[in-house]
Amino acid sequence: MTAIIGIDLGTTHCAVASVDPAAGKEAPIRELLIPQVVRPGEVTARPLLPSVLYAPVEAEGDPAAGQLPWAAEGTWTAGEYARWQGARVPGRVVASAKSWLCHPGVDRGAAILPWGAPPEVPRLSPVEASARLLKHLRAAWDAAHPDLPMSAQEVVLTVPASFDEVARALTVNAARAAGLQKFTLVEEPQAAFYDFTARHRKNLAQAVEALKLVLVVDVGGGTSDFTLIQAALSPEGPLLRRIAVGDHLLLGGDNMDAALARRAEEKLTLAGKRLGASQWTQLVQAARVAKEALLGEAPPERYGLAIAGAGSKLLGGTLSTELEKAEVESLLLDGFFPQEAPTSTPRRAARMGLQELGLPYAQDPAITRHLAEFLRVHAEAAFKALGIPRPSPDALPRPDAILLNGGVFNSPAIARRLQEALSAWWPESERIPLLDHPSLELAVARGAAYYGLVRRGLGLKIGGGAARAYYVTLAREDGTSAALCLVPRGLEEGQSTELTERTFSLTLGRPVQFTLHSTTADRVDKPGEVVELTSELHPLPPLHTLLRSQRAAGGKLQVTLRAGLTEIGTLELWCRDTASDEQWRLEFELRGTSGSGPLAVTEAMPARFTEATELVGRIYGNKPLPMGPRDVKQLLKNLERVLGAKDTWRVPVLRELWSTALAGATKRRRSEDHERVFFQLAGFALRPGFGYPLDGWRAEQLFALFKDGVQFHPEKANWNEFWVMWRRIAGGLNEDAQRTLYASLRPQLEQKVPPDAPKPSGKPKGIQPEGLEEMVRTAASLEHLDPEEKEQLGGWIARRLRWNAEQKLRGGPWPWALGRIGARVPLYGSIHRTVSAQTAEEWISLLLEAGLANLDGGAFAVTQLARRTGDRTRDVEEATRQRVQDALSAQKAPEGWLRMVREVVALEAADEARALGDTLPAGLTLA
């Protein structure tokens with residue numbers, strides 16, 4: 001016996017359904033009742049498992065001990081009890097882990113959840129949290145079907161249609177960590193429609209007879225997905241084809257809960273003081289319950305919310321307020337489903353999406369505006385499906401029916417508002433009908449199980465293939481970029497494309513990075529076709545490989561590319577040697593870093609570039625040429641005479657100069673001038689250490705020299721340039737390299753930075769580094785350090801600042817370093833490594849008390865420390881931000897700095913460089 005198992009790994013709930021393929025086309029689909037702890041000592045089997053994990057406090061013990069039909073793994077409890085108890089005991093609950101899988105600003109493999117929890121709370125990575133939910137589902141299935149273990153069955157796992165390739169790959173990692181062996185992915189809106197077709201297997205032709213275009217609107221807990229499906233009838237029966245999906249939209253029920261919680265917070269608190277992170281978590285959970293009650297079938301006029309007061313434990317003082325039905329309807333219906341004109345577009349400002357829950361949500365919460373844009377973008381394909389010409393350039397295609405999915409639409413008021421808002425775009429027509437859905441929570445799991453039948457030829461498949469086309473970036477000789485189509489829209493899973501007409505020259509023994517783009521736009525590009533790199537092609541995290549050949553140890557290979565979609569629905573790309581059968585699979589960069597620039601450095605070099613490399617070769621070549629110290633000292637100036645002012649050198653020029661310098665790295669020992677100039681050139685040419693293909697590899701190669709230190713150690717200038725070089729490329733160093741660097745710096749900083757630090761007795765042993773101020777700047781640039789290490793470093797600097805203020809000293813790197821260490825938004829590191837908001841407030845107070853007018857760089861430092869992110873875990877209190885705004889205004893600081901404190905905005909280019917502490921190469925931005 002075998003089973004096909006559909007799993008809905010939802011943001012809010014998980015569900016499991018199954019079907020027996022041996023029963024044929026009419027096989028019934030059955031939901032799994034999932035045992036879970038619901039209250040202490042009470043286990044109940046329910047069709048839904050809340051996607052929540054809770055770490056019990058020690059006094060609670062294990063609420064699942066001896067209760068579940070299987071031995072619980074670890075200390076985390078999943079399901080209803082986790083949601084119930086997590087709302088009562090703040091800071092120990094992991095929710096919305098699925099949304100964190102698509103957050104590019106964090107290391108999604110790091111233990112960062114619960115977000116903003118106290119230090120004593122255990123943590124999980126988003127991948128591990130997803131895996132634990134899947135393990136619970138697997139254990140529930142195995143307990144109910146001991147003769148059909150899930151690991152041996154065919155599993156269909158659902159993902160949002162808007163998940164990018166990295167989020168899909170991380171979902172695959174979670175499934176494998178949960179012990180799933182044979183599984184495939186299907187997009188949730190498609191699964192919801194498969195549930196509709198499964199329920200109409202006997203009369204599908206009749207069910208779709210009047211339908212040519214169906215709009216699937218899937219608003220879940222964390223994401224909103226839109227899909228258009230074309231329906232048609234043929235002599236052989238109904239035909240279904242997916243013709244469009246929407247782009248990534250991190251917006252859903254969680255945002256509605258947060259909006260209600262913000263309204264309740266205004267009522268609960270006085271003088272604008274916000275709740276703490278743990279109280280906020282409680283309030284969001286309470287707001288979710290209030291939302292479901294006030295927008296339900298028979299809503300009360302008002303609903304009470306209560307949370308623990310500040311400092312209270314499980315029981316004790318509480319804060320309470322009420323939300324009224326009218327204000328909830330106004331806030332949610334008018335805010336998230338406004339009745340807009342069909343020409344409306346999502347509102348996009350220069351600010352970033354609010355991150356109230358720590359996640360980068362969409363800037364505009366109006367789902368109807370996003371829907372209007374979606375229909376406008378895919379209008380040509382939709383009108384073609386309808387079989388009518390587009391009447392005007394602004395006309396939107398009217399769907400024949402809407403299929404709703406997602407728990408948000410359990411509210412009749414929300415479902416009715418969406419139907420009314422969309423129908424109003426075609427006032428001459430009747431209201432767009434809603435397709436029937438007996439269970440919004442179970443539809444996706446049921447549809448996933450039925451999709452498994454379809455894959456076996458036992459049901460009608462929705463055609464259309466891949467919803468996205470994929471491209472790799474190429475560089476033209478004139479320095480511009482183009483895009484080579486790898487995978488066209490519509491390619492089916494398991495198919496691949498061979499791009500044999502174009503070859504690429506790749507170097508053996510070094511990492512190779514491929515910069516990718518994707519699009520859901522209505523365009524038909526053939527594999528191998530070169531197109532313009534326009535805004536509708538969205539960048540993806542890069543793909544990497546390291547080429548080692550069995551037939552050659554070094555040199556270059558000519559390769560072709562093979563691209564395709566795997567059976568589980570993820571992108572795959574291979575390099576193939578044109579002279580042999582060797583091939584290399586490319587892997588996604590899963591840490592969320594993004595690259596820019598072409599596949600390889602092929603941008604046209606300046607006319608005199610060869611002359612420039614010869615100048616470097618004269619100094620650092622294998623054979624020393626007759627020259628004096630002045631020739632070495634003047635290397636950078638001589639390069640400027642050939643290439644122009646060094647701040648105008650573009651990134652490809654800089655990286656090629658770096659390669660030439662590194663080739664002669666051992667020749668830096670020829671004299672103190674050789675060493676100092678090498679440090680200058682290598683650091684300048686590789687700054688900021690990231691942002692261009694292979695920069696991580698370059699930084700790794702350069703860091704191999706760190707252990708050698710400074711050879712001419714009596715020369716303080718050499719020490720200064722040594723530290724400047726590492727500060728300049730710090731962003732390209734991985735976590736291990738940064739820790740090695742900090743381990744070398746820490747003893748020096750501990751002894752020399754705090755003015756009251758105890759001095760070592762006797763003469764220190766070994767070579768003593770010089771260049772204290774540059775050591776401080778370098779240490780402050782290490783964003784991969786843990787918050788505890790950053791707070792320790794900042795504490796030393798804070799003591800130095802207090803001493804400087806007493807001595808009326810204003811120079812030095814101290815304010816800049818404190819602002820960089822405590823910045824609310826890192827330049828390249830993961831946001832889970834920022835120091836606490838409380839620590840940032842202490843440093844702000846220190847700088848303000850010292851007086852910004854008395855501190856070089858003090859104004860920008862407090863701007864970085866008070867910068868608004870929208871994430872209350874990282875943001876300082878409103879009163880502190882107001883103090884900073886007042887101080888900045890008194891100093892006549894730039895308006896852009898004041899905006900960073902008031903609003904959630906991105907750094908401007910000049911401020912990127914100021915935060916970095918260096919100029920940026922021409923044309924390179926960090927955002």
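The structure presented is a predicted model; accordingly, all values stated were derived computationally and were not measured.

1. A closer look at the overall build of the chain
Right, so step 1: From N to C terminus, the chain includes 29 helices and 28 strands.
Right, so step 2: C-alpha atoms of the chain, sized along the principal axes, occupy 90 × 75 × 60 Å.
Right, so step 3: Across the 927 residues that make up the chain, the buried fraction comes to 57%.
Right, so step 4: For the chain, restricting intrachain contacts to residue pairs at least 6 apart in sequence, the fraction spanning at least 24 positions comes to 71%.
Right, so step 5: For the chain, the exposed area adds up to about 37100 Å²; of that, 50% sits on carbon and sulfur atoms.
Right, so step 6: For the chain, the distance from the average site of its 108 positive side-chain charges to the average site of its 111 negative ones is 4 Å.

2. Re helix α4 (residues 165–177)
Right, so step 1: Relative to the 18 Å expected for 13 residues at 1.5 Å per residue, α4 spans 18 Å between its end C-alpha atoms, a close match to the ideal helical length.
Right, so step 2: Counting buried positions along α4 yields 10 of 13 residues, so the element is predominantly enclosed.
Right, so step 3: Among the residues making up α4, those that are buried are Glu165, Val166, Ala167, Arg168, Ala169, Leu170, Thr171, Val172, Ala174 and Ala175.

3. With respect to the pattern of salt bridges
Right, so step 1: Tallied over the full model, the rule gives 56 salt bridges.
Right, so step 2: For the salt bridge of Arg431 with Glu420, the shortest nitrogen-to-oxygen distance reads 3.9 Å. Here Glu420 lies in helix α12 (residues 412–423) and Arg431 lies in the loop between α12 and α13 (443–455), a separation of 11 residues in the sequence.
Right, so step 3: Take Arg431: its relative accessible area is 46%, and that puts it in the partly exposed class.
Right, so step 4: By sharing partners, the salt bridges in this structure join Glu31, Asp195, Arg199, Asp436 and Arg446 into a single network.

4. Comments concerning the sheet that holds strand β18 (residues 462–463)
Right, so step 1: Strands sit in the order β17-β12-β13-β14-β18 across an open sheet of 5 strands; the sheet is mixed. Looking at the sheet topology across the chains shown, the edges are occupied by β17 (401–405) and β18.

5. Description of the nonpolar core
Right, so step 1: Counting residues in hydrophobic clusters, the biggest one holds 95 residues, and the most contacted among them are Leu702, Trp726 and Ile797.
Right, so step 2: At 8 residues, helix α18 (residues 672–686) tops the list of elements feeding residues into this core.
Right, so step 3: Ignoring anything within four residues of it in the chain, the contact list for Trp726 reads Leu702, Phe703, Phe706, Leu741 and Thr778.
Right, so step 4: In this structure, Val89, Val94, Leu101 and Ala140 belong to the second largest nonpolar core, which totals 62 residues.

6. So, the packing of aromatic side chains
Ring pairs (aromatic) are described by centroid distance and by the angle formed between their planes.
Right, so step 1: Following the criterion strictly, the structure yields 23 aromatic pairs and no others.
Right, so step 2: Aromatic side chains Trp100 and Trp115 sit 5.0 Å apart centroid to centroid with 40° between the ring planes, which places their arrangement in the tilted category. Taken together, the residues Trp100 in helix α2 (residues 97–100) and Trp115 in the loop between α2 and α3 (126–144) connect sequence positions 15 residues apart.
Right, so step 3: The exposure class assigned to Trp100 is buried, which follows from its relative accessible area of 2%.
Right, so step 4: Under the relative-accessibility criterion, Trp115 is labelled buried at 16%.
Right, so step 5: Measuring from ring centre to ring centre gives 5.0 Å for Phe722 and Trp723, while their planes differ by 70°; the resulting arrangement is edge-to-face. Neither Phe722 nor Trp723 differs from the other in exposure class; each is buried.
Right, so step 6: Sitting over the ring of Phe678, Arg668 keeps its end group 5.9 Å from the ring centre.

7. Description of the side chain of Thr197
Right, so step 1: Mapped onto the elements, Thr197 comes out in helix α5 (residues 188–199).
Right, so step 2: A polar contact is formed between the side chain of Thr197 and the backbone oxygen of Tyr194, at a distance of 2.8 Å.
Right, so step 3: Those residues in contact with Thr197 that lie beyond four places of it in its chain are Leu204, Leu240 and Tyr450.

8. Looking at α18
Since the α-helix advances by 3.6 residues per turn, residues separated by three or four positions end up pointing in the same direction.
Right, so step 1: An ideal rise of 1.5 Å per residue puts 21 Å on 15 residues; α18 measures up with 22 Å between its terminal C-alpha atoms.
Right, so step 2: The buried count for α18 comes to 13 of 15 residues, which makes it a mostly enclosed element.

9. Structural notes on the environment of Asp786
Right, so step 1: The topology assignment puts Asp786 in the loop between α22 (772–780) and α23 (787–807).
Right, so step 2: Residues Asp786 and Gln85, spaced 701 residues apart in sequence, show a C-alpha to C-alpha distance of 30 Å.
Right, so step 3: Beyond its immediate chain neighbours, meaning those up to four positions away, Asp786 contacts Arg739 and Arg833.

10. Points about the sheet that holds strand β8 (residues 77–78)
Right, so step 1: On the basis of which strands lie adjacent, the open sheet formed by 3 strands has the order β8-β7-β9 and antiparallel pairing. Each edge of the open sheet carries a strand with a single partner, namely β8 and β9 (93–95).
Right, so step 2: Bridging between strand β7 (residues 52–54) and β8 involves 2 bridges; their strand directions are antiparallel. Looking across to β8, one finds that Leu53 is bridged to Ala78.
Right, so step 3: The strands that helix α1 (residues 80–88) touches are β7, β8 and β9; relative to β7, the one it contacts most, it runs at about 65°.

11. A short note on the confidence of the model for the chain
Right, so step 1: Model confidence for the chain is summarised by a mean pLDDT of 87, while 92% of its residues fall at 70 or above.
Right, so step 2: Below a pLDDT of 50 lies the segment residues 350–355, which in the model reaches 25 contacts outside its immediate sequence neighbourhood of four places, other chains included.
Right, so step 3: Segment residues 591–602 is flagged for pLDDT under 50; beyond a separation of four residues in sequence, or across chains, it makes 38 contacts in the model.

12. Digging into the pairing of strand β10 (residues 154–159)
Right, so step 1: Counting buried residues along β10, 6 of its 6 residues qualify, which places the element largely inside the surrounding structure.
Right, so step 2: Side chains Glu154, Val156 and Thr158 project from β10 onto one buried face, and the interleaved Val155, Leu157 and Val159 project onto a second face that is buried too.
Right, so step 3: Pairing analysis gives 4 bridges linking strand β1 (residues 4–9) to β10, with the strands arranged parallel. Bridged to Gly6 within β10 is Val156.

Procedures and definitions
The numbering scheme is per chain: residues are counted from 1 as the chain's sequence reads. With the structure being a predicted model, the display of local features is reserved for residues of pLDDT at least 70 and the display and counting of side-chain atom pairs for 80 or more, all residues being used for whole-chain, interface and lining totals. Excluded from the side-chain calculations are hydrogens and water; all other atoms, namely the structure's heavy atoms, are used. Here a strand is any run of E in DSSP of at least two residues, a helix any run of H or I of at least four, and the numbering for each starts at the N terminus. Under the scheme applied here, a residue whose accessible area is under 20% of the maximum for its type counts as buried, over 50% as exposed, and between as partly exposed, the area being computed with a 1.4 Å probe on protein chains only. Here, two residues are considered to be in contact whenever any of their heavy atoms come within 4.5 Å of each other. Surface exposure here means Shrake-Rupley accessible area, sampled with a 1.4 Å probe, where a residue is shielded only by the protein chains that are shown. This count recognises Lys and Arg as positive and Asp and Glu as negative, with His and chain-terminal groups excluded. Charge positions come from single atoms, namely NZ of Lys, CZ of Arg, CG of Asp or CD of Glu. Given the number of residues in a helix, its expected span is that number minus one, multiplied by 1.5 Å. Salt bridge, as applied in this entry: a Lys or Arg side-chain nitrogen positioned within 4 Å of an Asp or Glu carboxyl oxygen. Here a strand pair is declared whenever DSSP counts at least two bridges between the two strands. The nonpolar core is taken to be a set of buried Ala, Val, Leu, Ile, Met, Phe, Trp, Tyr and Cys residues, with the residues joined through side-chain atoms within 4.5 Å. Aromatic rings from Phe, Tyr and Trp, with only the six-membered ring used for Trp, were paired whenever their centres fell within 6.5 Å, and each pair was classed as stacked if the ring planes differed by under 30 degrees, edge-to-face if by over 60, and tilted otherwise. Charges are assigned to positions over rings by a cutoff of 6 Å between ring centre and Lys NZ or Arg CZ, combined with an angular limit of 35 degrees from the ring normal. Pairs of N or O atoms are called polar contacts if they sit within 3.5 Å, as long as, within protein, a hydrogen donor faces a hydrogen acceptor (for residues adjacent in sequence, only side-chain-to-side-chain pairs). A fitted line through C-alpha atoms represents every axis, and for helices the fit uses only the stretch in contact; the resulting angles, taken between N-to-C directions, go from 0 to 180 degrees. What pLDDT expresses is the predictor's confidence in each residue, scored from 0 to 100.

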